Amino acid sequence: MPRTSLSVDERWKLIDSISKQVVLRGKYKHTLKDVISDLSVRPMTGIPLALAVLFGFWAFFGAFAGFFTDGFAVPAFDDHFLPAIQRAFPGEGGPLYWIFVGDPGAPSCFEAFGVLTSGLFVAFGVVLPAIVAFYLVLTILEDTGYLPRLAVLVDTVFHKIGLHGFAIVPTILSLGCNVPAVAASRVLETKKQRFMMMSLLAVFIPCGAQIGVMEELLPEYVPAILAFLFFGYFVTGAVLSRLIPGRSPEILIDVPPYRSPIMKNVATKTWARVSGFIKMAVPAVLGGIVVVNLLYLLGVIDWLADALEPIFVVWFGVPAVTVGALVMAFLRKDMAVGMLGGMAAAGLLTTGELITSVVLVSIYFPCLATFIMLWKEGGVRDLLKSLAILTVSFFVFGGLMHGIVALAGV
Amino acid sequence: MKKIFLAGNPNVGKSVLFNRLSGARATVSNYPGTTVDFTKSRMRIAGKEYEIVDLPGAFSLEPKDKAEEVARDMLKKEKPDAVVSVIDATAVERGLYLTLELIEKGYPIVVALNMSDVARDRKIKIDVRKLEEILGVPVVETVATTGSGLKELVSRIEEAKPVDVGAIKQRAGR
């Protein structure tokens, strides 16, 4: 068959003539959906609406997760499960006991740090409700079509850091889990933008699992910690945008019409994400505790803590015991924050030190799954560059947080 | 096994169609760029097994972002036996752009005019027979979210064939 190729111009001319013959556009009346649509992208009405939506998101997240965690999981685990397993597990004080149950005298599951105690409690008692709440709301936001409108609204801000409004979509996805968010960076146009996006997400955006644990430990400080991380995100973005060569072109954001979410899709999608969490994250949480406990038993973590003590104490203002949590953060950040909570409950950390170390865990190395995703998407070179950005940010923003905590006198 | 690809602009409902056809559970959202990688599954038509691939959305075969690159590379690498070009019935023109590119590259095409319910609500009338006559490939109106038109689409996938864009030009009177 002879194959003809058209130029871009010829193609549009042909489309024009086809469309004139087949498409008939009647008079279109604006509907309520169009009115809401207009209001949600106009700054005067859109910004208050966006704040209301995000606040509602946050309030629901806190209320839902708190209801299940504080109402059911904490009493069930701390009052019944923990004492029972501490009594029943054989060989108190032996290595297996330490790995699976943890501290035989621990009064709460945050402090025990065993696979069956802290592991199950953090994974199912704290993180699971948080993940369910987060994805339920995220799915509804996704399916109504609100996200691209938010993108239009924040476009100007993101242009200042060399990205464009659509960067809000991977950023919000990242607040659930960094892994799919890194993949979602593919929709950005240039290599520069994609690299910046992936690095900023991996360094500054804490995942839903981690936020869930933070919300349980330091509810009154979580908004401030998130605000600080977003501050780091924008400052670092502005710096990177000037340092990295490459283009940051304007793009048009395609805004689909508002649609009512189909309940079946909301249910399937939330379930797919939650079951993904159970299959991928729970083994990492439990396995991570085994690894970290083995490192404790072998003395590796104490050795690291001694070696790094000067940096931690002087620069970050946190005691060297937090090194254990940073090792855990390689595998799972939620459990790492859980460990810090245990240390605080045991009196090893003050509130100020807990806040700084939570920020350190957030900025510090992406978890293993994100690390692999960064590698897959950007290759070794970009991964190394991201890690360089991460190291600098870790020291700059960790030190800055130390200063803020000291000044605020927390 | 024969391969069927779903191609089209971002946010036209390819993944919904994919899930409907294969029973798979690709992630579906109401924003462009939900699918950034291809998803594969299987479907049966009249007792025959097909492989069905959901591609990331693309405006053109000349990629502007990495998701579009994935779509183009998959089309190039694996030779599909049929490409379902999914067009948003409320934005036929830009859907036709990709469709024409696919036709020029010689892929056997079936057109799914998706979201035809929304088009109807917006008083957009599309002369499906005329479009089919001009393009020379099957054109089927669908509503992937409800499943309407999917039976016809499936039954006409076998009719997908390569056509010459020169002939389309003639039929369009240009």
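Overview of the structure. Values in this document were obtained by computation on a predicted structure and should not be read as measured data.

## Thoughts on the overall build of chain A
Counting secondary structure elements, chain A contains 19 helices and one strand. Relative to the compact-globule value of 22 Å for 410 residues, chain A shows a C-alpha radius of gyration of 24 Å, a close match. Counting only C-alpha atoms, chain A reaches 85 × 55 × 45 Å along its principal axes. A buried classification covers 51% of the 410 residues belonging to chain A. Partitioning the contacts of chain A with sequence separation of at least 6, the portion at a separation of at least 24 is 75%.

## With respect to the overall build of chain B
Helix and strand counts for chain B stand at seven helices and seven strands. Going from the N terminus to the C terminus, chain B shows its helices and strands as β-α-β-β-α-β-α-β-α-β-α-β-α-α. Computed over C-alpha atoms, the radius of gyration of chain B comes to 15 Å, within 12% of the 16 Å expected from 2.2 N^0.38 for 174 residues, which places it in the range of a compact globule. Along the first, second and third principal axes, the C-alpha set of chain B runs to 40 × 40 × 35 Å.

## Notes on the side chain of Ser357(A)
Residues and elements named next belong to chain A. For serine 357, the location among the structural elements is in helix α18 (residues 351–363). Engagement of the side chain of serine 357 in a polar contact is seen with the backbone oxygen of leucine 354, the distance being 3.1 Å. In this view, serine 357 contacts Val318, Thr322, Leu340 and Leu349; residues no more than four positions away in its chain are not counted.

## As for the sheet that holds strand β4 (residues 82–88) of chain B
Residues and elements named next belong to chain B. Taking strand neighbours across the sheet as the criterion, the six strands line up as β2-β3-β1-β4-β5-β7 in an open arrangement whose pairing is mixed. Strand pairing shows two members of the sheet lacking a second neighbour, β2 (39–45) and β7 (139–141), which therefore form its edges. On average, each strand axis in the sheet is tilted by 25 degrees relative to the strand beside it, whichever way the strands run. Looking at chain direction, strand β1 (residues 2–8) and β4 are connected through five bridges and run parallel. Along β4, the bridge assignment pairs glycine 8 with valine 86. Sitting on the sheet, helix α3 (residues 92–104) touches β1, β4 and β5 (109–114), and the angle it makes with β4 is about 165 degrees. Along the sheet, helix α5 (residues 128–135) contacts β5 and β7; its crossing angle with β7, the most-contacted strand, is approximately 155 degrees.

## Quick look at the interface of chain A and chain B
At the junction of the two partners, chain A supplies 51 residues and chain B supplies 49 residues. Summed over the three residues of chain A that lose the most area to chain B, namely Arg11(A), Val22(A) and Arg186(A), the buried surface amounts to 15% of that side. The tally of links from chain A across to chain B stands at seven salt bridges. With its nearest N and O atoms 2.8 Å apart, the salt bridge here joins Asp254(A) to Arg94(B). Between the two partners, chain A and chain B, sit 22 residue pairs in polar contact (both at pLDDT 80 or more). Counting only elements with at least two residues in the side of chain A that touches chain B, the list comes to α1 (8–22), β1 (23–25), α6 (115–144), α7 (146–153), α9 (168–174), α10 (178–184) and α14 (263–297) of chain A.

## Structural notes on the pairing of β5(B)
All names here are of chain B. A large share of β5 lies buried, amounting to six of its six residues. Every second residue of β5 is oriented toward a common face, with Ile109, Val111 and Leu113 on one face and Val110, Ala112 and Asn114 on the other, all of them buried. Where β4 lies against β5, six bridges are found, and the strand directions are parallel. From the neighbouring strand, valine 84 faces β5, where its bridge partner is valine 110. The β-α-β motif built from β4, the intervening α3 and the parallel element β5 has right-handed crossover chirality. With three bridges connecting them, β5 and β7 associate as parallel partners. Along β7, the bridge assignment pairs valine 111 with valine 139.

What counts, and at which threshold
- Residues numbered from 1 in each chain as written.
- Chains lettered and ligands numbered in written order.
- Predicted model: local features only at pLDDT ≥ 70, side-chain atom pairs only at ≥ 80, totals over all residues.
- Heavy atoms only, no water.
- Helix = DSSP H or I, 4+ residues; strand = E, 2+ residues; numbered from the N terminus.
- Rg over C-alpha atoms; globule rule 2.2 N^0.38 Å.
- Buried < 20%, exposed > 50% of the residue type's maximum accessible area, 1.4 Å probe, protein only.
- Contact = heavy atoms within 4.5 Å.
- Polar contact = N/O pair within 3.5 Å; in protein donor to acceptor, adjacent residues only side chain to side chain.
- Pairing = 2+ DSSP bridges.
- Axes fitted to C-alpha atoms, helices over the stretch in contact; angles between N-to-C directions.
- Buried area = accessible area lost by both parts, 1.4 Å probe.
- Salt bridge = Lys/Arg side-chain N within 4 Å of Asp/Glu carboxyl O.
- Right-handed = clockwise from strand over helix to strand, strands pointing away.

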